[in-house]
Amino acid sequence: MTRSISFIVIATALAIAGAAQADYKRVKTADQFNAQLAGKKLIDEQGNVFVANPDGTISAKLVSGKKFSGSWAWNKRFWCRNGVLDGKALGTDCQVFEVDGNSARMTREKGKGSTTVYRIE
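Read on for an overview of the structure.

Scoring rules and cut-offs
- Residues numbered from 1 in each chain as written.
- Predicted model: local features only at pLDDT ≥ 70, side-chain atom pairs only at ≥ 80, totals over all residues.
- Heavy atoms only, no water.
- Helix = DSSP H or I, 4+ residues; strand = E, 2+ residues; numbered from the N terminus.
- Polar contact = N/O pair within 3.5 Å; in protein donor to acceptor, adjacent residues only side chain to side chain.
- Contact = heavy atoms within 4.5 Å.
- Salt bridge = Lys/Arg side-chain N within 4 Å of Asp/Glu carboxyl O.
- Buried < 20%, exposed > 50% of the residue type's maximum accessible area, 1.4 Å probe, protein only.
- Pairing = 2+ DSSP bridges.

## Brief notes about the side chain of T116
No. 1: With respect to the helices and strands, T116 occurs in strand β9 (residues 115-120).
No. 2: Among the polar contacts listed, one links the side chain of T116 to the side chain of R108, at a separation of 3.2 Å.
No. 3: Apart from residues lying up to four places away in sequence, T116 is in contact with D44, A104, R105, M106 and R108.

Following this line, the structure appears as structure tokens:
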């Protein structure tokens, strides 16, 4: 009986975990990016707020108090940004964006780098 209960608990936990997984869809074009993300607040888990404005600029409100600004453009299959953090040029990084409802996932270095998940508002 104990084995049966343990099996049921484990099976239920796995089913819930599977249902909770996100179903991200890659943003493949500039038109998709503009429709789904441009002009919207992207808020990470630390509370930093980024906005990729439709005019190609980026604005941000960072909880650290540092200043971030930059520009962005669509390049083939990637969203590419050129940013400045507290006066230091960050250079260009082309990133992959994926969207699932009110959630966006961004992966740096053309999808090969670190990933950040944002809430879309």
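## Structural notes on the pattern of salt bridges
No. 1: Applying the stated criterion across every chain yields a total of three salt bridges.
No. 2: Between E98 and R105 there is a salt bridge, with the nearest N and O atoms lying 2.8 Å from each other.
No. 3: For R105, a relative accessible area of 27% translates into the label partly exposed.

## Description of the pairing of strand β5 (residues 68-75)
Along any regular strand, the residues point their side chains to alternate faces of the sheet.
No. 1: Residues of β5 alternate between two faces, with F68, G70, W72 and W74 buried on one and S69, S71, A73 and N75 left unburied on the opposite face.
No. 2: Taken together, strand β4 (residues 57-61) and the strand that follows it, β5, pair antiparallel across an intervening segment of six residues, in which G65 is found at a positive phi of about 90°.
No. 3: Connecting β5 to the antiparallel partner strand β6 (residues 78-85) that follows it, the hairpin turn spans two residues, and K76 within it adopts a positive phi of roughly 60°.

## Digging into unusual backbone geometry
No. 1: Phi angles above zero are rare outside glycine, and K76 is one such case at about 60°.
No. 2: On the secondary structure map, K76 appears in the loop between β5 and β6.
No. 3: With a phi angle near 55°, K110 is a residue other than glycine that sits in the positive phi range.
No. 4: With respect to the helices and strands, K110 occurs in helix α3 (residues 108-111).

## Thoughts on the environment of S103
No. 1: Tracing the backbone through its elements, the reader meets S103 in strand β8 (residues 103-107).
No. 2: Since its relative accessible area comes to 18%, S103 is described here as buried.
No. 3: S103 sits 16 residues away from R119 along the chain, and the two C-alpha atoms are 4.7 Å apart.
No. 4: If near-sequence neighbours (up to four positions away) are discounted, S103 is found in contact with Y24, E98, V117, Y118 and I120.

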